[in-house]
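Inside the fold
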Amino acid sequence: YRPSTTNTDALPAVGGDDGTETQQYEASLVFLPKIAPWQMRADVGVWQNQGSVTNSYNGIRGGFDISLRGMGLVATAAKIKPNAPGVIGTSDSQEETSYSLGANYSSDSYSIGVAYVKSEQPRSSSVAGSDTIDKVFLGLSIPVGPSVEFLASLFHVRSEDEGGLSNSGVAFVSGINVGF
């Protein structure tokens, strides 16, 4: 829960056209079963922003992570919906659907992982389509000494707006991580 930040004893000015403040309510549940040799985690969370018409929305997010002997799989999904029906189908809408999938492998000599993320935001109902973004990540970690590892990541990102304009790009980032 995030309370009002206004220095007053009055009720927060949230909701409706006159809302000037935002309160946020959140709840999460995490499940961590112990089933050797598996390592698992599952979670679900819900939240609600209550503020002005364009800043009032609710969401739900869930995911799981499962691994066995250095191999892992992770997946998440999230949905955000506006609270005010008059905002749906406008450029002020917070509506969004996202999901991600990933896999990784770790050994004593290296770790490697790949992930895919997709997010879609329907905007104006007067224009067909949605704003979308797709991301693919590939990462590598190689220990090169005590508390020192070489890191490398390759990214590809593609975005497209509801009008059909698109952009895409590729990036390669590398570096050294030193732990203390």
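Above this text you will find the structure in question.
Here we summarise the structure given alongside this text. (Residues numbered from 1 in each chain as written. Predicted model: local features only at pLDDT ≥ 70, side-chain atom pairs only at ≥ 80, totals over all residues. Heavy atoms only, no water.)

Focus on the pattern of salt bridges
Basically, it comes down to this: Counted as salt bridges are all cases of a side-chain nitrogen of Lys or Arg within 4 Å of a carboxyl oxygen of Asp or Glu. Throughout this description, buried means an accessible area under 20% of the type-specific maximum (1.4 Å probe, protein chains only), exposed means over 50%, and partly exposed covers the range between.
Scanning the model with the defined rule gives 6 salt bridges in all. Linking Asp43 and Arg41 is a salt bridge whose minimum nitrogen-to-oxygen distance equals 3.8 Å. Residue classification places Arg41 among the partly exposed residues on the basis of a relative accessible area of 40%. Ionic pairing is found between Arg158 and Glu160, a salt bridge with its closest N-O pair at 3.3 Å. For Arg158, a relative accessible area of 29% translates into the label partly exposed. When salt bridges with common partners are traced through the structure, they connect Lys118, Asp134, Arg158 and Glu160 into a single cluster.

Quick word on the packing of aromatic side chains
Convention followed: For Phe, Tyr and Trp, rings pair up if their centres lie within 6.5 Å, where Trp contributes its six-membered ring, and each pair is then called stacked (planes under 30 degrees apart), edge-to-face (over 60) or tilted (otherwise). In this text, helices come from DSSP runs of H or I with a minimum length of four residues, and strands from runs of E with a minimum of two, each type numbered from the N-terminal end.
In total, this model carries 3 aromatic pairs according to the counting rule given. Between Tyr99 and Tyr116, the aromatic rings sit 6.3 Å apart at their centres with planes inclined by 55 degrees, giving tilted as the arrangement. Here Tyr99 is found in strand β6 (residues 96-106), whereas its partner Tyr116 is found in strand β7 (residues 111-121), with 17 residues between them in sequence. Exposure remark for Tyr99: the relative accessible area of 37% places this residue in the partly exposed category. Using a relative accessible area of 28% as the deciding quantity, one classes Tyr116 as partly exposed. Plain terms: the ring middles of Phe137 and Phe155 are 5.3 Å apart, the flat faces sit at 90 degrees to each other, and that makes the pair edge-to-face.

Considerations on the pairing of strand β9 (residues 148-160)
What counts is decided by this rule: When DSSP locates at least two bridges between a pair of strands, those strands are taken to pair.
Where strand β8 (residues 131-145) meets β9, 13 bridges bridge the pair, whose relative direction is antiparallel. For Leu140, the partnering residue across the bridge sits in β9 and is Ala152. Connecting the antiparallel pair β8 and β9 is a turn made up of 2 residues, with Ser147 showing a positive phi of about 60 degrees. Pairing of β9 with strand β10 (residues 166-178) involves 13 bridges; the strand directions are antiparallel. Across the sheet, residue Leu151 finds its bridge partner in β10, namely Gly175. In sequence, β9 turns back onto β10 through a hairpin of 5 residues, with Gly164 there showing a positive phi of about 100 degrees.

Description of the pairing of strand β3 (residues 38-50)
Relative to β3, strand β1 (residues 23-31) runs antiparallel, the two sharing 9 bridges. Each residue of the ladder has a partner; that of Phe31, found in β3, is Ala42. In this sheet, β3 lies alongside strand β2 (residues 34-35) in antiparallel orientation, the contact comprising 2 bridges. Bridge pairing in β3 links Ile35 to Trp38.

Notes on the environment of Arg158
Basically, it comes down to this: Pairs of residues are marked as contacts when any of their non-hydrogen atoms sit within 4.5 Å. Any pair of N or O atoms that falls within 3.5 Å is considered a polar contact. Within protein, one atom must be able to donate a hydrogen and the other to accept it, and sequence-neighbouring residues count only if both atoms are side-chain atoms.
Looking at the secondary structure, you find Arg158 in strand β9. Taking the C-alpha atoms as reference points, Arg158 and Val136, separated by 22 residues in sequence, lie 9.0 Å from one another. Residues within four places of Arg158 in sequence aside, it is in contact with Thr132, Ile133, Asp134, Asn167 and Ser168. In terms of polar contacts, Arg158 uses its side chain to reach the side chain of Asp134, at 2.8 Å.

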